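# Structural characterization, general
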Amino acid sequence: MQWVLATGNRGKLREFREAFGKEILGMDEVLDSVPEIVEDADTFAGNALIKAKAIYDLLGPDYLVISDDSGISVPVLGGAPGIYSARYAGEGATDRENLQKLIEVLKERGIQQTPAYYTAALAIVGALGEYVVHGWMHGKVIDEARGDKGFGYDPIFIPEGYDRTLGELDESVKAGISHRAKAITLARPVLELLQRRGGE
Ligand SMILES: O=c1nc[nH]c2c1ncn2[C@H]1C[C@H](O)[C@@H](COP(=O)(O)OP(=O)(O)OP(=O)(O)O)O1
Ligand SMILES: [Mg+2]
């Protein structure tokens, strides 16, 4: 049984690859053309399930499909951008534009730093059903981008217990503490169980 990651995000694929090695394939490696998927649920879990189900429906029961829906939430902004993180600066916005938008909003409010957290919902869809696990990483956001490691909002995010952003810290630090890493830790035994039950 093959494990496939249903994402168009290179940063996520890199982090999953680092965690799973060759066990996991990108969806573009198993599909000739990748469909447009509308993420219109109102939770991370809902959107993760939409993505994993869309790809599972194309691949069928020989595959376990994993997806990641994630984002950053800033409590002082009422939890924004939250599930809208990928389109904070508008539909089709780039990571850079979304990051810039959050910096602008913080600056407009005169906020130099404020608590924030990342959420990742990982959905797993296979012949035996649908599963979702979550992971979180708490810290704060600052009003200027520092460093170019990671992706998305990482240049303004300082994890709890650190004094540098994820743009500056070595990627191995993020791999040990991130929302995605925590969700992957929970997903692993589920994947292994489904793999065994799937009979191989
Ligand atoms: O570790 C992270 N470090 C920085 N930024 C992050 C992280 N994790 C999520 N994010 C941001 C990026 C994007 O603005 C949104 C995810 O949106 P989300 O729809 O889940 O992903 P996406 O559209 O980029 O790819 P896809 O849906 O194909 O998996 O949250
Ligand atoms: Mg998306």
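If you look the protein up in an unreviewed UniProt entry, it shows as dITP/XTP pyrophosphatase from Nitratifractor salsuginis.

### Some details on the site of ligand 1
The local shell around ligand 1 holds 22 residues, among which T7, N9, S85, A86 and G152 are the closest. When residues in the shell around ligand 1 are grouped by element, the largest group, five residues, is from strand β3 (residues 63-74). Here the residues of the shell around ligand 1 sort into five nonpolar, 10 polar and seven charged.

### Describing the pairing of strand β6 (residues 129-142)
Relative to β6, strand β5 (residues 113-126) runs antiparallel, the two being bridged by 14 bridges. Bridging across to β6, A120 finds its partner in G135. The hairpin formed by β5 and β6 contains two residues between the paired strands. Note that β6 and strand β7 (residues 157-159) share three bridges and pair antiparallel. Paired with G139 across the two strands is P159, which belongs to β7.

### Some points on the pairing of strand β1 (residues 2-5)
Summarising the sheet, β1 and β3 pair through four bridges and their orientation is parallel. Bridging from a neighbouring strand, W3 pairs with L64 of β3. With helix α1 (residues 10-20) bridging β1 and the parallel strand β2 (residues 24-26), this β-α-β connection has right-handed handedness.

### Quick notes on the environment of L186
For L186, the position within the fold is in helix α6 (residues 179-197). In the structure, L186 is positioned 117 residues away from D69 in sequence and 15 Å away in space, judged by C-alpha atoms.

### Some remarks on the UniProt feature "active site" (unreviewed entry) in the protein
Those residues carrying the UniProt feature "active site" (unreviewed entry) are D69 in this numbering. Secondary-structure assignment places D69 in strand β3. The exposure class assigned to D69 is buried, which follows from the 28 C-beta atoms found within 10 Å.

### Examining the nonpolar core
Among the nonpolar cores identified, the biggest contains 47 residues, and A52, V65, I66, L122, A123 and I124 are the most heavily contacted of them. At the level of elements, β1, α3 (44-59), β3, α4 (95-108), β5, β6, β7 and α6 are the ones that each hand at least two residues to this core. Dropping the residues within four chain positions of it, A52 is found in contact with A6, V65, I66, S67, A123, I124 and V125.

### Examining α3
Compared with the 22 Å implied by 1.5 Å per residue over 16 residues, the 23 Å span of α3 between its first and last C-alpha is a close match. Taken together, the buried positions of α3 are occupied by F44, N47, A48, L49, K51, A52, A54, I55 and Y56. For α3, the elements touching its buried residues are β1, α2 (27-30), β3, β5 and β6. Following α3 by one or two positions, G60 adopts a phi angle in the positive range, close to 90°.

### A closer look at the confidence of the model for the protein
Residues with a pLDDT of 70 or more make up 99% of the protein, whose mean pLDDT is 96. Overall fold confidence (pTM) sits at 0.97, and the ipTM for the predicted complex is 0.99.

Cut-offs and rules
- Residues numbered from 1 in each chain as written.
- Chains lettered and ligands numbered in written order.
- Predicted model: local features only at pLDDT ≥ 70, side-chain atom pairs only at ≥ 80, totals over all residues.
- Near = placed C-beta within 6 Å.
- Helix = DSSP H or I, 4+ residues; strand = E, 2+ residues; numbered from the N terminus.
- Nonpolar A, V, L, I, M, F, W, Y, C, P; charged D, E, K, R; others polar.
- Pairing = 2+ DSSP bridges.
- Right-handed = clockwise from strand over helix to strand, strands pointing away.
- UniProt positions renumbered as here; feature names shortened; annotations may be inferred.
- Buried ≥ 20, exposed ≤ 12 C-beta atoms within 10 Å, placed from the backbone.
- Core = buried A, V, L, I, M, F, W, Y, C linked by C-beta atoms within 7 Å.
- Contact = placed C-beta atoms within 7 Å.
- Expected span 1.5 Å × (residues − 1).
- pLDDT = per-residue confidence, 0-100.

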